[in-house]
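Results of the structural survey
Single-letter residue listing:
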Amino acid sequence: MNKQLYIYDCLCSKLRASDGNFMTIGAGDKNTFRVKMKVENGGSFAQRDDVCRFFPHGHISSYSLNGVQMKSDVIIRPEKMYLFVLGCGCFICWYGNDASRPDFSQYDANIWFLYNPTQSEWYGPYALQDLPMVAPELPEDILATFQGLDHSAFYLKDIVTVAEYAISTGEICVEQQEEHPQGAEELRCPNCWELFNPAEIMSIASHPDLLGDPKLGETAMLRFIPHEYNASGLPLDSRGMICSEHACPHCHRKLPPFFTETKQHIISLVGVPAAGKSYYITALVRELETLFPREFGMPFRDADPVTNEPLNEMRMRLFTAQTPQEAYLAKTHMHGRLYQKIWKQGIHVNIPRPFIYNLNKDSETHSIVLYDNAGEDFQPGNHDAQTMGSQHLSVSSAILFLFDPTANPGFRQLLQECPDPQLRSNLYRPGRQAMLLAESEMRLRTRLNLPPSEKLDIPMAIIIGKCDTWSHLLGPEPLLPATRNGMFMPEHININSARLRQFIFNIAPHICTNAEAISSNVRYFAASALGESPVEFVDERSGTKLIGPANGSVHPIRVAEPVLWALHCAVPSLIPSSHN
């Protein structure tokens, strides 16, 4: 049986067969194999006496063949796969009997995967145009292959040159361009904060045989781009089972139910270690669940009980406890349950888990995404490839900075008679709260490429926490209510803010100046997650002294006001207000 030469062009997913003993390859019209590449004529194939040989043409100084740089001609042996990168083109050559040729119909060069041989890890899937963006974060020996190309791969460094040329000339295949129409609204993953097109959303396999994912490991179900659907339009996995859950194409983490149908608002909470962020976010969610239905007739609900489980457990612990030991919330650690390991920018990193709640108004659903960062995430010098947990600041709708007055020397001086044990805590370190604000500003400016002379217009709430210990210093006049008769009162927020700013400026002016250097839209709030001073107790297991809520005494004060203001700024029409 006569042997035949086949050429598969990876840039347009087309297969061509030889029609003679001498064939040329290149971008020009006169070539036997016309492929997408930079050069008009890249070389020729000659068949003689059942032997096939490839000759590069004179202006091709070198080319990659199966990952090896070549300069001269080479024999194409029968029944073997040859992967060429030549003249910014990328094609596969196979020579042999037609009965034994590979099934090229299974190839899909629109879906690429990367393999790290050192770590034995798979990454992907990626579109071809994504590869130049991920390549700088990865080692030199990373391999690149596409769907269906089993047991064969290019070197990523070779494919990057092909991708960059294809992008610069618009040579990306038509099918891929149609899959991501121009102007489609992009979505942002609440886990890794990367953007993607709705068409890129992955399905999570349901069949038990499909256990194991390249990015999440052996215990996670496979993530995949669906191609088959049932009569109701639900995706099917390769075993024919219906898949009801979806995942981010970048990190492969599960997306919340009905993710594409909600408007997402990321609200970032920052503060130094032991400022009380975990208590604050726990009390905040409890208050919002009550406040929104009562004041505005709007349900505020758990968007994903599985994802929110750690915070729900903290709420149960805090609001049903009978002793300080039961109510005590341990400090957030960067390797604890409130963090998750994800694949981001070519490496595994620790990222705070998102806590997602839905707020419904008429036919619209808004997702409120909250994070409980470890204070160490924002410490100067603790920002590298492994600690990217603070990056949500650059994509947030609002930033909440929880200021701890019990850790400030000015407040400690004024509160010497107060019995609150936090004022005697050895965790007190002068100046670290100002440093955290300065570090946050540096990271935001770096991430957003914002020069020092410009400010963000993102809403920034400075929350003076633990107000039960210091509110008497404000004088007898109470702060104005944030809501009245089912309306949010932004003018009351402004009056309170001006009063609180003057108050804190007299004690800790650097907090005001640092915050106002970051944002042109800053407001000041008073709040207390517990409502009264905590107490000291001895941990039954370790025997160490800890500070926790008094028995059953958790009565949050004004914790929801910063979020009401932030949402009013982000979506003025969302909450009924006196300014609507």
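Note that the structure is a prediction, hence the values are computed from the model and not measured.

Conventions and cut-offs
- Residues numbered from 1 in each chain as written.
- Predicted model: local features only at pLDDT ≥ 70, side-chain atom pairs only at ≥ 80, totals over all residues.
- Heavy atoms only, no water.
- Pairing = 2+ DSSP bridges.
- Helix = DSSP H or I, 4+ residues; strand = E, 2+ residues; numbered from the N terminus.
- Salt bridge = Lys/Arg side-chain N within 4 Å of Asp/Glu carboxyl O.
- Buried < 20%, exposed > 50% of the residue type's maximum accessible area, 1.4 Å probe, protein only.
- pLDDT = per-residue confidence, 0-100.
- Contact = heavy atoms within 4.5 Å.
- Axes fitted to C-alpha atoms, helices over the stretch in contact; angles between N-to-C directions.
- Parallel < 35°, antiparallel > 145°, perpendicular 65-115°, else oblique.
- Nonpolar A, V, L, I, M, F, W, Y, C, P; charged D, E, K, R; others polar.
- Phe/Tyr/Trp six-rings, centres within 6.5 Å; stacked < 30°, edge-to-face > 60°.
- Lys NZ or Arg CZ within 6 Å of the ring centre and 35° of its normal.

Comments concerning the sheet that holds strand β9 (residues 74-76)
One open sheet holds the five strands; their spatial order is β4-β3-β5-β6-β9, and the pairing between them is mixed. Two strands bound the open sheet, and with one partner strand each, they are β4 (33-34) and β9. Judged from the two bridges that link them, strand β3 (residues 22-26) and β4 form a sheet pairing that is parallel. Residue pairing in the sheet places G26 in a bridge with R34 of β4.

Comments concerning the pattern of salt bridges
Per the stated rule, a full pass over the model turns up nine salt bridges. A salt bridge links R315 to E289, with the nearest nitrogen and oxygen atoms 2.5 Å apart. Of the two residues, R315 is situated in helix α5 (residues 309-320) and E289 in helix α4 (residues 277-296); the sequence distance between them amounts to 26 residues. For E289, a relative accessible area of 25% translates into the label partly exposed.

Focus: the confidence of the model for the protein chain
Residue-level pLDDT values for the protein chain average 85, and 91% of them are 70 or greater. Segment residues 173-184: pLDDT under 50, and 16 contacts once partners within four positions in sequence are set aside and those in other chains are kept.

Describing the packing of helix α9 (residues 490-507) against helix α10 (residues 509-518)
One can describe the packing of α9 onto α10 by two numbers: an axis separation of 5 Å at closest approach and a directional angle of 120 degrees. In terms of orientation, α9 and α10 fall into the oblique class. When α9 is examined against α10, the residues R501, I504, F505 and I507 are found in contact with a partner set consisting of P509, I511, C512, T513 and E516. Here the contact of α9 with α10 is built from residues that sort into six nonpolar, one polar and two charged.

Points about the packing of aromatic side chains
As enumerated under the stated definition, the model contains 28 aromatic pairs in all. Their ring planes at 15 degrees and their centres at 5.9 Å tell us that Y63 and F84 sit as a pair that is stacked. Residue Y63 is found in strand β7 (residues 63-65), and its partner F84 is found in strand β10 (residues 81-86); the two are separated by 21 residues along the sequence. You'll find Y63 and F84 in the same group, each marked buried. Members of the aromatic cluster, joined through ring pairs, are Y6, Y8, W94, F104, Y107, W112, F146 and F154. Stacked on the ring of Y6, the Lys or Arg R101 has its end atom at 4.9 Å from the ring centre. Lying across the ring of F319, R286 places its NZ or CZ 4.2 Å from the centre.

Section: the environment of R101
Looking at the element boundaries, R101 is found in the loop between β11 (89-96) and β12 (108-116). Each C-alpha atom of the pair R101 and L216 lies 34 Å from the other, and the pair is 115 residues apart in sequence. Those residues in contact with R101 that lie beyond four places of it in its chain are Y6, L15 and W94.

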